[in-house]
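# Summary of structural features
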Amino acid sequence: MKYIGKIGLTLLVTLIVSSCNDFLDEKPKKGDGIELETFEQLEALLAARMEPIDRTAILDCNAAQRYMSDCYEMPMNIAMGMVALADYTALELNCFQPKYTAEIQSSNSLWLCAYKNIFMANTVLAYLDKVTGGTSAQRATLAQRAHFIRAYNYYELVNCYCVPYCEANLKELGVPINISIEYNENYSRGTLKDVYDLIESELAQALPLSVPLIEGGERKIWRENSAAVNGFAARLYLTMGDYAKAKDFAEKALACDGELADYNTDIEPVEEFEDGNGELRTVTTWYDESTFDMTGLLSGINQKSYYRRYHFTDSWAIPSAKLQEAFDTDNDLRYKYFYYEEYISLCIMGMGVEYFEDEAPGYSYYNGDDFDSGPCVSEMLLIKAEAMARQGQWNDALTYLNTNFRPYRISSEAPADAVNLTAANRDEAIDVILKERMREFPFTLRWHDIRRCNFNNDPNDDVTITRRFYKLSSTGAHSPIFDDETVEYTLTPKSNKYIYTMAIPSTEVTVSNGMIEQNKYE
């Protein structure tokens, strides 16, 4: 399957063009075949991921996170607008029909973004012993960063295109593995176990990384760092059901940085702002304030992120009734600041009114309808609490959250019984913590929680999602058939396990001559 190799070569040339000019005598052009010769050039490859020319390297394009979560539900009255917007992926996944997502262009997919990053890491590791410059400590650090990039991106691939992790699924289809820059004749998918074994191996080589998250007073979430590696390890082992390791790594990440943003004090909407024409306008929502400067109310700094990843889709997050009902609407500051009853005029960078005649709710904390999905402080606090509860320390887990988490998300004017979480037993405590994770990460980690909970050994945390919507056309663009017929779509723990996966881009299956097997939806 040549495509995985080709995208990396293209990326390599692009990155050198954009970021390595200080290290080259002559600006390269595509096809020049420039050989990497210095350690500084390899460093520049990793730094170039943040350059505007290739910002896709930090995108998290797993659309299922948004549209298949039980926190999302598309109202039928805006279906025609979604057709006009041509966001067929939202329509398909709202109806739990991921088989149709094979037609997503691979250039807009997590598949391409992840394999570009993997090829870049492969390039660094392949050339590290061949280039000049750099101390032995600097070389070790760069290798650790590259191993982390491989681990993180294979994790994103396997949790987008493969069935959920559990013992019964280990022999199911994985994703193609390539840890070199050489052309490989065999790009078959292997097994889920193969991929997780690789991720753990890469992570082990990344864990010694000692790069600080905060340096010179700046939170450097754009580069691989100690907090990010340990935070990712906590996420990985929570996914795998190893709660002792999940808790251990969450604590190590929090030791690097455990400061949680306080929504009582750290969010300060202003009353007026200067628009693009230099005129003062009255702020009706925090979103107005960020329309022109693209900062948003909850930037990566206030999210206390460890590692920058933007979850990106073509349309906005439409909160379900279940999500709204999960909030204490009087006291939860996440509801106060991020939930909108009428969002159409704000969605799609304010262009929603061009596509939709009816109103619909929205949930957003960043201008542009994106969410940060990288490891962060609040995730580590919640991982630690869940791991404690699942290992029997459920009362201590709730006390931990009531002390270290809830006061930062609930109004300081709320009564104590509105702040503190309570439960009568272990199962109730786990349910309470999972609901807190849902409120904190409704359109990123919630979908992954549903995947793992519906395939673990605990029937008490199972999730069933039911939606009523139009029947989808089975040919061409998979848009609604607007007649009187509606269908009830349901996702349960007993559904076909491949319904929990995005389809491999059809272009990849075609180019591989069938070597890459499509997911088994039928």
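Summarised in this report is the structure supplied together with it. (Residues numbered from 1 in each chain as written. Predicted model: local features only at pLDDT ≥ 70, side-chain atom pairs only at ≥ 80, totals over all residues. Heavy atoms only, no water.)

## A few points about the overall build of the protein
Scanning the protein for helices and strands turns up 20 helices and 11 strands. When the 522 residues of the protein are sorted by exposure, 58% land in the buried category. For the protein, the share of sequence-separated contacts (at least 6 apart) that also reach a separation of at least 24 residues comes to 71%. (Helix = DSSP H or I, 4+ residues; strand = E, 2+ residues; numbered from the N terminus. Buried < 20%, exposed > 50% of the residue type's maximum accessible area, 1.4 Å probe, protein only. Contact = heavy atoms within 4.5 Å.)

## Remarks on the environment of Gln97
Examined against the element boundaries, Gln97 turns out to sit in the loop between helix H5 (88–94) and helix H6 (110–127). When the C-alpha atoms of Gln97 and Tyr500 are compared, they prove to be 9.6 Å apart, with 403 residues separating the residues in sequence. Beyond its immediate sequence surroundings of up to four residues, Gln97 is in contact with Glu92, Leu472 and Tyr489.

## Looking at a negative patch on the surface
A surface patch of like charges, here negative, comprises Glu341, Glu342, Glu357, Asp358 and Glu359. Structurally, the position occupied by Glu357 is in the loop between helix H14 (347–350) and strand E8 (362–363). Its relative accessible area of 82% is what places Glu357 among the exposed residues. (Patch = residues over 30% accessible without salt bridge, like charges linked within 9 Å, V, L, I, M, F, W, Y side chains within 5 Å. Areas by Shrake-Rupley, 256 points an atom, 1.4 Å probe, with all protein chains shown as cover. Salt bridge = Lys/Arg side-chain N within 4 Å of Asp/Glu carboxyl O. Lys, Arg positive; Asp, Glu negative; His and termini not counted. Charge placed at Lys NZ, Arg CZ, Asp CG, Glu CD.)

## Quick notes on the environment of Tyr489
With respect to the secondary-structure elements, Tyr489 resides in strand E11 (residues 486–491). The class for Tyr489 is buried, based on a relative accessible area of 9%. Taking the C-alpha atoms as reference points, Tyr489 and Tyr470, 19 residues apart in sequence, are found 9.6 Å from one another. Beyond its immediate stretch of four places on either side in the chain, Tyr489 contacts Cys95, Phe96, Gln97, Ile465, Thr466, Arg467, Phe469, Tyr470, Lys471 and Leu472. Among the polar contacts listed, one links the side chain of Tyr489 to the backbone oxygen of Tyr470, at a separation of 2.9 Å. (Polar contact = N/O pair within 3.5 Å; in protein donor to acceptor, adjacent residues only side chain to side chain.)

## Some thoughts on the sheet that holds strand E6 (residues 310–311)
Ordered in space as E1-E6-E9, the three strands form an open sheet in which the pairing is mixed. Since the sheet does not close on itself, it has two edges, and those belong to strand E1 (59–60) and strand E9 (371–372), each with one partner. Bridge analysis of E1 against E6 gives two bridges, and the strand direction is parallel. Along E6, the bridge assignment pairs Asp60 with His311. (Pairing = 2+ DSSP bridges.)

Honestly, it's all geometry; don't read function into it.
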